[in-house]
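Take a look at the letters that make up each chain.
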Amino acid sequence: MRELFRTLPLMCVVLLVPVLPFLFFGGRLEDWLRGVAEDPPSVTATAALIIGLLATDILLPIPSSVVSTLSGWQLGWWRGTIATWVGMNLGAIIGFALARRWGKPFALWFSSGEDLQRMQAISDRYGPYVLVITRAVPVFAEASVLIAGIHQLSWRRFLPAVVFSNLGIAIAYSVFGDFAERHQWLPLALGVSVAVPVLVAAAAKRYLPQ
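Remember, predicted model here, so these are calculated numbers, not experimental data.

Quick word on the overall build of the protein chain
1) Next: Across its full length, the protein chain carries 11 helices and 0 strands.
2) Next: Start at the N end of the protein chain and walk to the C end: the helices and strands fall as α-α-α-α-α-α-α-α-α-α-α.
3) Next: Going through the 210 residues of the protein chain one by one, you find that 44% of them count as buried.
4) Next: As displayed, the protein chain offers around 11200 Å² of accessible surface, 69% of which is attributable to carbon and sulfur atoms.

Okay, here's the thing in structure tokens:
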């Protein structure tokens, strides 16, 4: 429980970064967003940015739920789903490949030893299914990919679990972002996309094996 209270504030700060501008700049930011909606960047450029951000999620503290929601807001649900899905898959594949190559020393650069141990306990119990169980859980999603790589899980077992799980998550966030755009609820949607991962991560910290 102490680990939860140590890590949860940092997680909240990281996830709140995209929402803070709405709190401090309010109307100005809404005017800017309205301008983006009226004169948006090209679909290709937007999709490339989203894919690039999500592809580095395993290495950097990218708030993927916020990026995925914005993907649906900017691209529409089906284009947003594709961009989000491709980016999430690339991020998982990169982390898995590097962990397979460099092992635990590499994994410890991007995940704490305690989180890796907890994921090891779950992996021992559930095998590759841990990739599905933790796919939507911040921190643990990355740790599960790294653990799978450390233990040299085969690609044919890794890819289906990650690819199909990521598809469900991509659809959910992109549809949510598209719905928010059509109803002009983007600040509320970003707040929800921040709160849900934080609550899920808190529950995981509390109930997953120690």
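A look at helix α10 (residues 155–182)
1) Next: The end-to-end C-alpha distance of α10 is 39 Å, a good match for the 40 Å that 28 residues give at a rise of 1.5 Å each.
2) Next: What α10 keeps buried is the set F158, A161, V162, S165, N166, I169, A170, Y173, S174, G177, D178 and A180.

So, the nonpolar core
1) Next: M119, L131, V145 and F158 are the most contacted members of the largest nonpolar core, which totals 22 residues.
2) Next: Among the secondary structure elements, those contributing two or more residues to this core are α6 (77–110), α7 (113–126), α8 (129–133), α9 (140–150) and α10.
3) Next: A total of 6 residues in this core trace back to one element, the largest contributor, which is α9.
4) Next: Setting aside anything within four residues of it in sequence, one finds M119 in contact with V130, T134, F140, A143, S144 and I147.

Comments concerning the confidence of the model for the protein chain
1) Next: For the protein chain, per-residue confidence averages 78 on the pLDDT scale, and residues scoring 70 or more make up 76% of the total.
2) Next: Within the protein chain, no element has a lower average pLDDT than helix α1 (residues 2–16), which sits at 46, and none a higher one than α10, at 94.
3) Next: Below a pLDDT of 50 lies the segment residues 1–8, which in the model reaches 10 contacts outside its immediate sequence neighbourhood of four places, other chains included.
4) Next: For residues 13–18, every residue scores under 50 in pLDDT, and the model assigns this stretch 11 contacts once sequence neighbours within four places are set aside.

What to know about the environment of W77
1) Next: Position of W77 among the secondary structure elements: in helix α6.
2) Next: Along the chain, W77 and F179 lie 102 residues apart, while their C-alpha atoms are 8.3 Å from each other.

Comments concerning the side chain of R135
1) Next: Topologically, R135 is positioned in the loop between α8 and α9.
2) Next: One buried charged residue, R135, remains without a salt bridge, the closest side chain of opposite sign being E142 at 6.6 Å.
3) Next: Within the structure, R135 has its side chain in polar contact with the backbone oxygen of L131 (distance 3.4 Å).
4) Next: Of note is the side chain of R135, whose polar atom sits 3.1 Å from the backbone oxygen of A141.
5) Next: If we skip the residues at most four places from it in the chain, R135 touches A92, A141, S144, V145, V162, S165, N166 and I169.

Thresholds applied
- Residues numbered from 1 in each chain as written.
- Predicted model: local features only at pLDDT ≥ 70, side-chain atom pairs only at ≥ 80, totals over all residues.
- Heavy atoms only, no water.
- Helix = DSSP H or I, 4+ residues; strand = E, 2+ residues; numbered from the N terminus.
- Buried < 20%, exposed > 50% of the residue type's maximum accessible area, 1.4 Å probe, protein only.
- Areas by Shrake-Rupley, 256 points an atom, 1.4 Å probe, with all protein chains shown as cover.
- Expected span 1.5 Å × (residues − 1).
- Core = buried A, V, L, I, M, F, W, Y, C linked by side-chain atoms within 4.5 Å.
- Contact = heavy atoms within 4.5 Å.
- pLDDT = per-residue confidence, 0-100.
- Lys, Arg positive; Asp, Glu negative; His and termini not counted.
- Salt bridge = Lys/Arg side-chain N within 4 Å of Asp/Glu carboxyl O.
- Polar contact = N/O pair within 3.5 Å; in protein donor to acceptor, adjacent residues only side chain to side chain.

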